Amino acid sequence: MTTALLTHPDGFDHATPPGHPEQVARLDAVLGALEAFDLMRIKAPLAAEADLLRVHPGSYLDALRRDLPEQGVHQLDADTWLSPGSLGAAWRGAGAAIRAVDLVLSGEATNAFCATRPPGHHAERETAMGFCLLGNVAAAAKHALDHHGLSRVAIVDFDVHHGNGTQDLVEDDPRILFCSTHEMPLYPGTGDPSDTGPHDTVVNVALRAGGGGAGLLAALEEKVFPRVVAHGPELILVSAGFDAHRADPLAGLMLETGDFAKVTARICDLAEDLCARRVVSALEGGYDLEALGACVAAHVRILEERGR
């Protein structure tokens, strides 16, 4: 048994304007940090249309195709852009998460990490936003349930921003527990703890700037992990954003690199107790390149140790 790393060169083809935080160099930083790791390396496939239609309507996918520029960049909102290679990258990102579910549920890998861009957890059912085009982790969760026949899955999102898109895509499905820890107030302004979804399967935990790793770990232990245990998932999916690091320019939770290792270890503890160590993690945010590489290495090192 081992840890799978899913990525694809198409991720370098999603171009954003100069100075944009979600830049091509992020993927270089991530893959460089993982170069020496002993991982099962898999080229991410393109997501099948049927898998995307579980979370996005066809009209939205068609709109993305229509908006794709033949050259240059096209702005979708204040933060989100398309370039000629963007949909290839986005489709690979969703395809990576879905293929990772296949590998883990078949027993070919114990756990998996998807190193792709653009991220996905802000993409709502019919709206691209927050650098995100497709709901990668949401699509993977639906695939696990509908294709593999699982009864329950859990998503843990520790990106510093609320995973509004993932919540929008999964909150109507009582089989999916969605848990998001996030700094508040901060973009996108959603994720109030009172918002628990129509089936009480949404756990939103708001954190204050400056709380550091101790604050995040305490919130996870008190408010998130007991709900994951009660849900009894057969698979845990992780939206792994590393923008809560103290060096990140977009937020202020002030985590250290080692805090992400601690969080990952606790998620792996839960997976060992609940779901035969099955964890699929997908890259979300993280915009200081040095910190991003270090945090991804810390995260994947724990996955690799627990995957043996």
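Structure: see above.
Attention in this report is confined to the structure presented alongside it. (Residues numbered from 1 in each chain as written. Predicted model: local features only at pLDDT ≥ 70, side-chain atom pairs only at ≥ 80, totals over all residues. Heavy atoms only, no water.)

## Quick word on the sheet that holds strand 10 (residues 279–283)
Applied cut-off: Between any two strands, pairing holds if DSSP finds at least two bridges. Under the DSSP-based scheme used, a helix requires at least four consecutive residues in state H or I and a strand at least two consecutive residues in state E, with every element numbered from the N terminus. Here an angle of 0 to 180 degrees is reported between the N-to-C directions of two axes, which are lines fitted to C-alpha atoms, with helices fitted over the stretch in contact. In this description, contact between two residues means that some pair of their heavy atoms is separated by no more than 4.5 Å.
On the basis of which strands lie adjacent, the open sheet formed by eight strands has the order 2-1-5-10-9-6-7-8 and parallel pairing. At either margin of the open sheet sits one strand with a lone partner, and together these are strand 2 (40–43) and strand 8 (202–207). The sheet shows a mean angle of 15° between the axes of neighbouring strands, direction not considered. The pairing of strand 9 (residues 236–240) with strand 10 spans five bridges and is classified as parallel. Counted as the bridge partner of Leu237 is Val280 from strand 10. With respect to the sheet, helix 9 (residues 289–307) is in contact with strand 1 (3–7), strand 5 (111–114), strand 9 and strand 10, its orientation differing from that of strand 5 by roughly 160°.

## Here we look at the packing of aromatic side chains
In plain terms, the rule: The aromatic pairing rule takes the rings of Phe, Tyr and Trp, using the six-membered ring of Trp, and pairs them if the centres are within 6.5 Å, calling planes under 30 degrees apart stacked, those over 60 edge-to-face and the rest tilted. Exposed residues in this analysis have more than 50% of their type's maximum accessible area, buried residues have under 20%, and partly exposed residues fall in between, with area computed by a 1.4 Å probe over protein chains only.
Summed over the entire model, instances satisfying the criterion amount to four aromatic pairs. Ring geometry for Phe242 against Phe260: centres 5.2 Å apart, planes inclined by 65°, an arrangement best described as edge-to-face. Pair noted here: Phe242 is in the loop between strand 9 and helix 8 (257–274) and Phe260 is in helix 8, with a separation of 18 residues, a long-range link. A relative accessible area of 1% places Phe242 in the buried class. When its relative accessible area of 1% is taken as the criterion, Phe260 is described as buried. Chaining the aromatic ring pairs together yields one cluster made of Phe158, Phe242 and Phe260.

## As for the pattern of salt bridges
This is how the line gets drawn: For this document, the term salt bridge refers to a Lys or Arg side-chain nitrogen within 4 Å of an Asp or Glu carboxyl oxygen.
All chains considered together, the criterion is met by 14 salt bridges. Close ionic contact of Asp146 with Arg54 constitutes a salt bridge, the shortest N to O distance being 3.4 Å. Taken together, the residues Asp146 in helix 5 (residues 136–146) and Arg54 in the loop between helix 2 (49–52) and helix 3 (58–67) connect sequence positions 92 residues apart. In this structure Asp146 comes out as partly exposed when scored by relative accessible area, which is 40%. A relative accessible area of 26% places Arg54 in the partly exposed class. One salt bridge connects Asp269 with Arg266, and the closest N-O pair in it is separated by 3.1 Å. Here Asp269 pairs with Arg266, and both are found in helix 8, just three residues apart, close to one helical turn. Here Asp269 falls in the partly exposed class, since its relative accessible area comes to 24%.

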